[in-house]
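Examining the three-dimensional arrangement
This is what each chain is made of:
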Amino acid sequence: MSELQLGEQERREQEPDRRRRAYIAQLAGWAVAGLILVATVAGLTGSGPLSWASASGPLIEIEYERFTRRFGDSSLRLAVRAEPSDPGTVRLWLSAEYASKLNVQQVMPQPDSWTVARDGVVLTFPSADGTAKVDIQVSPDHIGLLRGEIGVPGRAPVGIWQFVYP
Amino acid sequence: MDAVLRAAAIYVALLVIFRIGGKRTLSQVTTFDFVLLLIISEATQQALLGMDSSITMAVLVILTLVALDRVADYLGWRFPRLGLVIDGAPVVLIERGRLLEDRMRQYQLDLEQVLQEARSSQGIRSADEIDYAILERSGAISVIPKRDRR
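Since the model is a prediction, treat every value here as computed from it, not as a measurement.

1. Some words on the packing of helix H3 (residues 55–78) of chain B against helix H4 (residues 80–87) of chain B
All names here are of chain B.
- Relative orientation of the contacting elements H3 and H4 amounts to 130 degrees, with a least axis distance of 5 Å. Here H3 is positioned oblique relative to H4, judged by the angle of their axes. Here Ala72, Leu75, Gly76, Trp77 and Arg78 of H3 come into contact with H4, specifically with Pro80, Leu82, Gly83 and Ile86.
- Its residues placed into classes, the contact of H3 with H4 shows six nonpolar, two polar and one charged.

Written as structure tokens, this is what we have:
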């Protein structure tokens, strides 16, 4: 019976030290994969404890996801207060560039109007007690760092940044 | 350009994931392995085509994947060491009837799996009828029977 014929390189790969190197490379690969999975569960790719962040400014508090994915589902949770001079209407301002990249899917509650302002969009919500909790469902159409400004018209906006994975 | 970039990214990601997963991942030993393979193909579909269901997009993606595969094949042939990284190498599990325990341990294989393959491909009844058993690059196990078996 003849010996098993292997190619030159294949024969060399049977040696114990090569086998060990291959094994270590495999383990390293598994370690990296494991880290990615752990990071994902922790929220580094969105929807997890490490992903949610909050910011606040004059008359507004924002909760948003620091990490999200392109065309993935994400949301902005806002608590907005009306101007003391006009307690029946709550107004929300989003910067124009941010609004266009956010790809808004739904705003709960439905705003009374969307108005295009100088450098952004203004949403108005009628309010019984001068406050409004607004939930904006988005599906960002952008890759990489996304900077946005959200606020109440006439007051300083809050700047936030998000990272959108491709 | 989007089509090409998506397809290239998915191709590389799949290559890396399956290399890390090891040779026996998805070698379709059981029905479940087969179903898993189908589910994986479903998972990549949306990422490849996005919201574009045009014929053009589909053709571009397929073209990119096939072209990348050819390039990988060529590079693996032209630069054997690169071929080693991309495809791996066959590993001898049983040499001249002798079981190589450390190799089996590295790939989490036991004799039962080798015997299963031996039964289905060669009609071999027992381990002493096996001359060589090799874990190929594809994850399949090739079994060579002893010449003088009855």
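More follows now that the structure is in view.
2. Observations regarding the interface of chain A and chain B
- With 19 residues of chain A at the contact, the number on the chain B side is 25 residues.
- Each partner contributes to the roughly 1,900 Å² buried at the junction of chain A and chain B, and carbon and sulfur atoms together form 53% of this total.
- Here A:Glu10 ties to B:Arg137 by a salt bridge, and the two come within 3.3 Å at their closest N and O atoms.
- At the surface where chain A touches chain B, the tally comes to ten residue pairs in polar contact (both at pLDDT 80 or more).
- Listed by contribution, the elements that provide at least two residues to the side of chain A that touches chain B are helix H1 (8–13) and helix H2 (16–42) of chain A.
- Looking at the side of chain A that touches chain B, the element that brings in the most residues is H2(A), giving eight residues.
- Within the side of chain A that touches chain B, the residues separate by chemical class into eight nonpolar, five polar and six charged.

3. Notes on the layout of surface pockets
- Considered as a void within the structure, the largest pocket measures approximately 1,400 Å³ in volume.
- A:Pro166, B:Ile10, B:Ala13, B:Ile17 and B:Ala47 are the residues nearest the centre of the largest pocket, which is lined by 36 residues in total.
- Counting residues per element, the lining of the largest pocket draws most heavily on helix H1 (residues 2–21) of chain B, which supplies twelve residues.
- Of the residues that make up the lining of the largest pocket, three or more belong to each of domain 1 (1–42) and domain 2 (52–165) of chain A.
- The computed volume of the second largest pocket comes to approximately 860 Å³.
- Considering the residues around the second largest pocket, the lining is formed by 32 residues, among which B:Leu14, B:Leu15, B:Phe18, B:Ile86 and B:Asp87 are closest to the centre.
- The set of elements that each furnish at least two residues to the lining of the second largest pocket consists of H1, helix H2 (31–49), H3 and H4 of chain B.
- Across the lining of the second largest pocket, the residue classes break down as 15 nonpolar, eleven polar and six charged.

4. Description of the packing of aromatic side chains
- In the structure shown here, the tally under the stated rule is three aromatic pairs over all chains.
- Residues A:Phe163 and A:Tyr165 carry aromatic rings whose centres are separated by 5.1 Å and whose planes lie at 85 degrees to one another, so their mutual orientation is edge-to-face.
- Its relative accessible area of 29% is what places A:Phe163 among the partly exposed residues.
- What makes A:Tyr165 partly exposed here is its relative accessible area of 25%.
- Their ring planes at 40 degrees and their centres at 6.1 Å tell us that B:Tyr74 and B:Trp77 sit as a pair that is tilted. Taken together, the positions of B:Tyr74 and B:Trp77, both in helix H3 and three residues apart, correspond to about one turn of that helix.
- A network of ring pairs unites the aromatic residues A:Phe67, A:Phe163 and A:Tyr165 as a single cluster.
- It is A:Arg66 that lies over the ring of A:Trp161; its NZ or CZ is 4.4 Å from the centre.
- Lying over the aromatic face of B:Phe79, B:Arg78 brings its terminal NZ or CZ to 5.3 Å of the ring centre.

5. Here we look at the sheet that holds strand S4 (residues 141–145) of chain B
Residue and element names in this part refer to chain B.
- If you walk across this open sheet you meet the four strands as S2-S1-S3-S4, and the pairing is antiparallel. The open sheet is flanked by strand S2 (98–99) and S4, the only strands paired with a single partner.
- Pairing geometry for strand S3 (residues 130–135) and S4, over five bridges, is antiparallel. Its bridge partner being in S4, alanine 133 is matched across the sheet by valine 143.

6. What about the side chain of B:Thr64?
All names here are of chain B.
- Counting through the fold element by element, threonine 64 comes out in helix H3.
- For threonine 64, a relative accessible area of 10% gives the class buried.
- In this structure threonine 64 touches Val4, Ala7 and Ala8, once residues within four positions along its chain are discounted.

7. Notes on empty space enclosed by the protein
All names here are of chain A.
- Applying the stated criterion to the full structure yields one cavity of 30 Å³ or more.
- Taken as a whole, the largest cavity encloses approximately 30 Å³ of empty space.
- Thr68, Ser74, Ser75, Leu76, Leu102, Val138, Pro140 and Gln162 together form the lining of the largest cavity.
- Considering each element in turn, the lining of the largest cavity owes the most residues, three residues, to strand S4 (residues 74–81).

What counts and what doesn't
Residues numbered from 1 in each chain as written. Chains lettered and ligands numbered in written order. Predicted model: local features only at pLDDT ≥ 70, side-chain atom pairs only at ≥ 80, totals over all residues. Heavy atoms only, no water. Axes fitted to C-alpha atoms, helices over the stretch in contact; angles between N-to-C directions. Helix = DSSP H or I, 4+ residues; strand = E, 2+ residues; numbered from the N terminus. Parallel < 35°, antiparallel > 145°, perpendicular 65-115°, else oblique. Contact = heavy atoms within 4.5 Å. Nonpolar A, V, L, I, M, F, W, Y, C, P; charged D, E, K, R; others polar. Buried area = accessible area lost by both parts, 1.4 Å probe. Salt bridge = Lys/Arg side-chain N within 4 Å of Asp/Glu carboxyl O. Polar contact = N/O pair within 3.5 Å; in protein donor to acceptor, adjacent residues only side chain to side chain. 1 Å grid on protein atoms, 1.4 Å probe; cavity = no way out; pocket = protein on both sides within 12 Å on 5 of 7 lines; lining within 4 Å. Points joined across faces, edges and corners; volume = space filled by probe spheres on them. Domains from an automatic or database assignment. Phe/Tyr/Trp six-rings, centres within 6.5 Å; stacked < 30°, edge-to-face > 60°. Buried < 20%, exposed > 50% of the residue type's maximum accessible area, 1.4 Å probe, protein only. Lys NZ or Arg CZ within 6 Å of the ring centre and 35° of its normal. Pairing = 2+ DSSP bridges.

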